[in-house]
Amino acid sequence: MKVTTATKVMSVAAAGLLTVGLSACGTSDADSSDGVLSVGVFLPGSINDTGFMQSGFAGVERIQAEYGDRIDVSYVEQVAAADYQQALQRFASQNDLVISVGGQTDADLRAVAPQFPDVKFVEIGGPADAEPLPNLAYYDPQQAEAEFLSGAVAAMSSKNGTVGFVGGVELPAIVNAASAFGNGARFVRPDVKVLAPQYVGDFNDPAKAKQAAGAVYAGGADVLGQIVNLGKQGIEQAARESGNRFNGGPIPGDCANAVYAGFVRTDIGTEIEYAVSSVLDGTWTAAQVPFGVTTDKGGSEFIVCSTDPAVVGALSDAEAAIVAGAVQPY
């Protein structure tokens, strides 16, 4: 089993670079006549983003260790949006299973999948109401569930009773998560003030994320929720400089860092593992498959940094309500 990356493919003007990166891994056209499942994992961002892409790449490493020579894995990272479709086509021509991480790839994936009816496709983090295609499944991390918990912790951790949210790209899943954050905050603290969410327009721009977080802190919030990747570096700077806090994730950090009230752990690698195992055992279906707090598949949780009984209790109450179906995240 081999893993090859077309490192930092910013433009597939760049299709040449992508081609070299993938063909170097030695996979054949999509067929498993040799009994080896060829898997291509499409990571449009950086595998060092401390976010979705890095979490997904951890799953790539785990399937390598678990399945050994039963699979042949390749991945690509950092692809420009204008090049998604061409890169996905190239991947589909060389693999039995293509896994794309991020709802930003949805339109291109839906265009490519019908061109390769014998290839199985999985999109992680796409629209929760998207209709699967005959060979395209949707895996939903249900970020809104974890953000409901994040909102509860933020509200109870807030000293001045005002919280806010910073998102990357204004995709449906991110908008729903922002709404869930606010609902979680109000669930445990009805009098809390929830500022309007700020969207950076990019998951990986620390400068813009810092600016957005600074605006929310200036608006009175002292604890933020967020869904950005590399942009968290900017939010952390804004929190430190203003003496405020925020909830990190999706990869948990160190609670010893005083700017963190807690962490939303979202393990995208869990979904990559599920996709591969379901193809190998013959249970794969082109369906909407939910993950998250309320499912037996797991993949997300909230890690609170505080030992304050009020904060810990709020998290417990919010999670119990979500699991019982007593509240809807958004």
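Residues numbered from 1 in each chain as written. Predicted model: local features only at pLDDT ≥ 70, side-chain atom pairs only at ≥ 80, totals over all residues. Heavy atoms only, no water.

Draft legend 1. Molecular detail of the side chain of glutamate 236. Turning to its location among the elements, glutamate 236 is positioned in helix 8 (residues 232-242). What makes glutamate 236 buried here is its relative accessible area of 18%. At 3.1 Å, the side chain of glutamate 236 forms a polar contact with the side chain of asparagine 257. With near-sequence residues (within four places) excluded, glutamate 236 lies in contact with Phe246, Asn257, Val259 and Tyr260. (Helix = DSSP H or I, 4+ residues; strand = E, 2+ residues; numbered from the N terminus. Buried < 20%, exposed > 50% of the residue type's maximum accessible area, 1.4 Å probe, protein only. Polar contact = N/O pair within 3.5 Å; in protein donor to acceptor, adjacent residues only side chain to side chain. Contact = heavy atoms within 4.5 Å.)

Draft legend 2. Local environment of the side chain of aspartate 49. Within the secondary structure, aspartate 49 sits in the loop between strand 1 (37-43) and helix 2 (52-67). Buried within the structure, aspartate 49 lacks any salt-bridge partner; its nearest side chain of opposite charge belongs to lysine 232, at an N-O separation of 6.4 Å. A distance of 2.7 Å separates the side chain of aspartate 49 from the backbone nitrogen of glycine 51, its partner in a polar contact. Within the local environment of aspartate 49, its side chain forms a polar contact with the side chain of asparagine 229, the two groups lying 3.3 Å apart. Residues contacting aspartate 49, with those up to four places away along its chain left out, are Gln54, Asn204, Asn229, Leu230 and Lys232. (Lys, Arg positive; Asp, Glu negative; His and termini not counted. Salt bridge = Lys/Arg side-chain N within 4 Å of Asp/Glu carboxyl O.)

Draft legend 3. Region of interest: the environment of proline 44. Looking at the secondary structure, you find proline 44 in the loop between strand 1 and helix 2. In this structure proline 44 comes out as buried when scored by relative accessible area, which is 7%. Along the chain, proline 44 and aspartate 308 lie 264 residues apart, while their C-alpha atoms are 39 Å from each other. For proline 44, the contacting residues outside a window of four places in its chain are Met53, Glu77, Gln78, Val79, Tyr84, Val101, Gln104 and Thr105.

Draft legend 4. Inspection of the nonpolar core at higher detail. Ranked by internal contacts, the top residues of the largest apolar core, which has 29 residues, are Ile99, Val122, Tyr139 and Val276. Those elements that provide at least two residues to this core are strand 1, helix 2, strand 2 (71-77), strand 3 (97-101), strand 4 (120-124), strand 5 (136-140) and helix 9 (268-280). Among the elements that take part in this core, helix 2 stands out by supplying six residues, more than any other. Beyond its immediate stretch of four places on either side in the chain, tyrosine 139 contacts Val122, Glu123, Ile124, Gly125, Glu271, Tyr274, Ala275, Ser278, Trp284, Val289 and Phe291. Val79, Tyr84, Ala113 and Phe116 belong to the second largest nonpolar core, which has 19 residues in total. (Core = buried A, V, L, I, M, F, W, Y, C linked by side-chain atoms within 4.5 Å.)

Draft legend 5. Representation of the packing of aromatic side chains within the structure. According to the stated counting rule, one finds nine aromatic pairs in the structure shown. Aromatic ring contacts, followed pair by pair, group Tyr139, Tyr274 and Phe291 into a single cluster. (Phe/Tyr/Trp six-rings, centres within 6.5 Å; stacked < 30°, edge-to-face > 60°.)

Draft legend 6. The arrangement of the sheet that holds strand 12 (residues 288-290) in detail. Reading across from one edge, 2-1-3-4-5-12 is the order of the six strands in this open sheet, with parallel pairing throughout. Looking at strand neighbours, the two that pair on one side only are strand 2 and strand 12, the edges of this open sheet. With strand direction ignored, the average angle separating the axes of adjacent strands in the sheet is 20°. Across four bridges, the pairing between strand 4 and strand 5 is parallel. Bridge pairing in strand 5 places isoleucine 124 opposite tyrosine 139. Helix-sheet contacts for helix 2 involve strand 1, strand 2 and strand 3, and the interaxial angle to strand 2 is about 165°. Strand contacts of helix 3 (residues 84-92): strand 1, strand 2, strand 3 and strand 4, with the helix running at about 170° to strand 1, the strand carrying the most contacts. (Pairing = 2+ DSSP bridges. Axes fitted to C-alpha atoms, helices over the stretch in contact; angles between N-to-C directions.)

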